[in-house]
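The primary structure of each chain is shown beneath.
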Amino acid sequence: MGSIESSVHAGSFQHTLSVGSADSSQIRESVSLKTRTLRLAKGEKQQRIPAWLRYSRTWAVVATVLTIVIASVWRFVLDDEEERQFFRDSVQEIADRYAQDIKRQGVTSLSSLQALAAMIKFDDSNFTVHNFDGIAGSLIKAYKGISNLQLAPFGTVRYIHPLVDAKMDNRAALGYAQLLDPARREGALNTIRSKGIQAVGPLTLLQGGIAVIGRCSIFTRFAPKFLPTESFTKAGVTYHSNCSTPETQLLNCYFPGPLESDGVPTHFWGFATVLTLTSDLVAPVELQRLQEGAHRIGGLSQFDYQLSAEVPHASLADVNGVFAHSFRAGPGWIPEDPVTAYVDLPHFGIKWVLKVEPVDGWPRMSASFWFHLCVFLPLTGLLGLGMGVCIISDIRRKALQVEKLEEYKKDVISSDIIMSVSNVDLLQFPMCLMSVDHFMNLRRLISHETARDLNKLCFVDDSKRLAHLRDEEGILFFSHQWAGFFHPDEENIQYNSMLATCDELKQKKARFQWTWVDCFSIPQATVVQQQSAINSLLAYASHCSIFVAVAPACKHSDLLSELDVHTYSSRAWCRLEQLGYLMASVHEHTPSAYLNTGQGLTPLWGAEGVVTEATSLDVMGGNFTCCARHHPDGKKCDKQKIVGVMLGIFWQLLQIRRDCPPDATRSIQLLHQIEGKLEHYFPSTTAYSTDEGNQNENIDLFASVMPIFLELFKQDSDASVDDKLMVPRLSRVTEDDLPEVGQELPLPPVAARRNLRA
């Protein structure tokens, strides 16, 4: 259907364009005639025009050729722009890929701290500290992008690997007390409070180079409760920590950690630090490949790049936060129109910007532009002369195609409508009944599948037997609202009301031996079977002898909202069940329909002024759980599932009024209510939202169906008796009215079906 509709729309659009061009030509010709007339009136001498120019067809061909040429130029310009945009999008993909690689490497490098911290956390013999150089070397080799790893027991740097290498000498950092230095104390305390990893940088190191520093606080059950007393000298000033008295211990030297899984407390052991030079961090990513021509996109192969911090550290302010760049794109490089990708590590407080631009700038036009303009366009103009002659026939051919597609679309919808109204009383799925004795001994409502496996269901797929059960033994139809998304009645409040209903009906000498409840009468696990049962809902309701709406006050187990007769009356599925029974009993003066709100049985329609025939008719205006839950996993809306059922009901009411049986007064009253508010009862569209966030997407309900439906009914009304569509009525048929077992139900005559779909 999607391809057909697209073709139809495309054809209509082309037809509109062609008509517009013809109208424009007529207007131009009219203006030209008026201009010549004015010139003659002023005494101007009209110059002789060649005969071939006076033919309108000539000007039509010229206009067509000019239109084709102009459209071709516009198309070429547009293609050229799209090609250049394709180049830009391709470069953007490359930049995004490098940004993701840098992000992945950053996370990997900082994650080395977690591995180091985990080893110390469970190390009760200081094995990690004593073998730090070997362990750190293995971590650096495995995680890559790391310049050195450091351990700072009690906040003072004691171990660094490598201590000295070709890039930096770290010996000056040994003995550095991070908790005593006023310049670094607050940052160190923040890391302890976070009980995780914090990163800073890129920044300029005192020993030279630009680096990112990550620091992780470590808490173990083996660490002392209080930090030891220490001192630290910086720039000739000595700083001390006093942890010798109880007052100072709790104030400055006590840093408890989280409890272990067995309840043992932990305390601050120290810091694990990773220092990675930006050159080491981006080395595994190989950013230099951008300028070395490793990527070729059209005529572009070499790219300048620049990697910088979005909010530069104060030490990098003079270079605008740039810490990695190509040869030409240094700190002073100002790109004209780069693509931008972001390296975002929010958990570590890192956000960097990668800018990429072709070395020679973006191409202003594609390589084939001048060839198209100088060679292809003139050839297009020559071909346009011949095409102009074929334009009218081509439009006519396409218009016929569109007409055929529209007819096919209408034929498909007509077939669906005829199928819906013809099968309104058809048992597409057996009516699943449970004996009253089994039902009253259930103790709680169970699912269809459970009841089936326990052999408590009677599957009836024969209309004659169903009529026998209804007339001779009695079928009690329970309508209720689900008090939970996954179970209809967890608290057994509604089930107890159903039991009370059975007892009261028995006291009234009502005859019923079978019960129908949606949770065990309609499949819950199989979507196809469930839809077939939903399509048969009206047939189920029409074959019951007693209809009872159970709506005691209770609470929804998932939403925790109060449920009562008002919420029951607002439920769409409950309204559809009511409507099915209402249509079946529309010719009865006193239908056996009751309402039980926990206070005994009362007549259903008009009871307490809540449940009325008007509310039962307004199925589409009721509340659907699927809409309230925003259609999880993008499931189909239940409103779409019952479109065919509602059309079958509407057809029946129209058919009753048309045929005017003696007992049609009540049906005509229902029909008057619908026709007065047709859009209300049969809305064209409905808002559809999903849990992914697609809010208020309008989906079709009756917009494309209702016009064809009304046209079909009009055709059916005008047809002869033999050609009318044979639609079963939801009424109290007897066994004698039904065909024998195995005998096919009457179908619409072939001529009638063919005429209705035409």
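The structure this text deals with has already been given above.
In this text the structure is predicted, and so the values were computed from the model without any measurement. Numbers given to residues run from 1 along each chain, matching the order in which its sequence is written. The model is predicted, so local features are restricted to residues of pLDDT at least 70 and side-chain atom pairs to those at 80 or more, both for listing and for counting; the totals for chains, interfaces and linings are taken over all residues. Side-chain metrics in this entry use all non-hydrogen atoms of the structure; hydrogen atoms and water are not considered.

**Student:** Residues and numbers for the pairing of strand S10 (residues 339–345), please.
**Tutor:** Under the scheme applied here, a residue whose accessible area is under 20% of the maximum for its type counts as buried, over 50% as exposed, and between as partly exposed, the area being computed with a 1.4 Å probe on protein chains only. Under the scheme used here, helices are H or I runs from DSSP no shorter than 4 residues and strands are E runs no shorter than 2 residues, and both carry numbers assigned from the N terminus. Side chains Val339, Ala341, Val343 and Leu345 of S10 all project onto a buried face; the interleaved residues Thr340, Tyr342 and Asp344 project onto a face where none is buried. A pair of strands counts as paired when DSSP detects no fewer than two bridges linking them. As consecutive antiparallel partners, S10 and strand S11 (residues 350–358) are separated by four residues, and within that stretch Gly349 has a phi angle of approximately 70°, a positive value.

**Student:** I'd like to hear about helix H17 (residues 572–584), residue by residue, with values.
**Tutor:** Its 13 residues give H17 an end-to-end C-alpha distance of 18 Å, which sits within 8% of 18 Å, the value for a rise of 1.5 Å per residue. With 13 of 13 residues buried, H17 lies mostly within the body of the structure. Each helix should span, by expectation, one fewer than its residue count multiplied by 1.5 Å.

**Student:** Talk me through the pattern of salt bridges; I want residue IDs and the actual numbers.
**Tutor:** For this analysis, a salt bridge means a side-chain nitrogen from Lys or Arg found within 4 Å of a carboxyl oxygen belonging to Asp or Glu. Evaluation of the coordinates by the stated rule reveals 18 salt bridges. Linking Glu230 and Arg158 is a salt bridge whose minimum nitrogen-to-oxygen distance equals 3.4 Å. Pair noted here: Glu230 is in the loop between strand S4 (210–220) and strand S5 (231–234) and Arg158 is in the loop between strand S1 (148–153) and strand S2 (159–161), with a separation of 72 residues, a long-range link. For the salt bridge of Glu310 with Lys351, the shortest nitrogen-to-oxygen distance reads 4.0 Å. With Glu310 in the loop between strand S8 (303–309) and strand S9 (322–325) and Lys351 in strand S11, this residue pair connects regions lying 41 residues apart in the sequence. Given the relative accessible area of 40%, Glu310 is considered partly exposed.

**Student:** How would you summarise a nonpolar patch on the surface if you had to cite specific residues and measurements?
**Tutor:** A contiguous nonpolar surface patch, about 270 Å² in accessible area, is contributed by Val375, Leu379 and Leu382. Positionally, Leu382 belongs in helix H8 (residues 369–422). When its relative accessible area of 59% is taken as the criterion, Leu382 is described as exposed. Patches were defined on residues exceeding 30% relative accessible area and lacking a salt bridge, with like-charge contacts within 9 Å and nonpolar side-chain contacts (Val, Leu, Ile, Met, Phe, Trp, Tyr) within 5 Å. Each accessible area is a Shrake-Rupley result for a 1.4 Å probe, and residues are judged covered by the shown protein chains and nothing else.

**Student:** Help me get a handle on the sheet that holds strand S20 (residues 601–603), residues and values and all.
**Tutor:** Within a beta sheet, neighbouring strands are joined by backbone hydrogen bonds and run either parallel or antiparallel to one another. The strand order across the open sheet formed by seven strands is S13-S12-S15-S14-S16-S19-S20, and the pairing between neighbours is mixed. Whereas interior strands pair on both sides, the edge strands pair on one side only; in this sheet they are strand S13 (458–460) and S20. Strand-to-strand, the axes of this sheet are offset by a mean angle of 35°, without reference to chain direction. Both strand S12 (residues 431–435) and S13 contribute to a ladder of three bridges, which runs antiparallel. Opposite Met431, over in S13, you have Val460 as the bridge partner. Contacts were defined at the residue level, with two residues in contact if any of their heavy atoms lie within 4.5 Å. Here an angle of 0 to 180 degrees is reported between the N-to-C directions of two axes, which are lines fitted to C-alpha atoms, with helices fitted over the stretch in contact. Against the sheet, helix H11 (residues 463–473) makes contact with S12, S13, strand S14 (475–480) and strand S15 (514–517), and its axis sits at roughly 120° relative to S13, the strand it touches most. Across the face of the sheet, helix H12 (residues 493–507) comes into contact with S14, S15, strand S16 (546–550), strand S19 (593–596) and S20 while running at roughly 145° to S14.

**Student:** Lay out the packing of aromatic side chains with the relevant residues and their values.
**Tutor:** Working definition: an aromatic ring pair is given by the centre-to-centre distance plus the angle between the planes. Only Phe, Tyr and Trp rings are paired, with Trp represented by its six-membered ring, and only when their centres lie within 6.5 Å; those with planes under 30 degrees apart are stacked, over 60 edge-to-face, the remainder tilted. This structure, assessed with the given rule, holds 21 aromatic pairs. Taken together, Phe650, Trp651, Phe682, Phe702, Phe709 and Phe713 form an aromatic cluster joined through their ring pairs. Charges are assigned to positions over rings by a cutoff of 6 Å between ring centre and Lys NZ or Arg CZ, combined with an angular limit of 35 degrees from the ring normal. Between the NZ or CZ atom of Lys351 and the centre of the ring of Tyr342, over which it lies, the distance is 5.4 Å. Here the guanidinium or amino end of Arg629 rests over the ring plane of Phe485, the centre of that ring lying 4.4 Å away.

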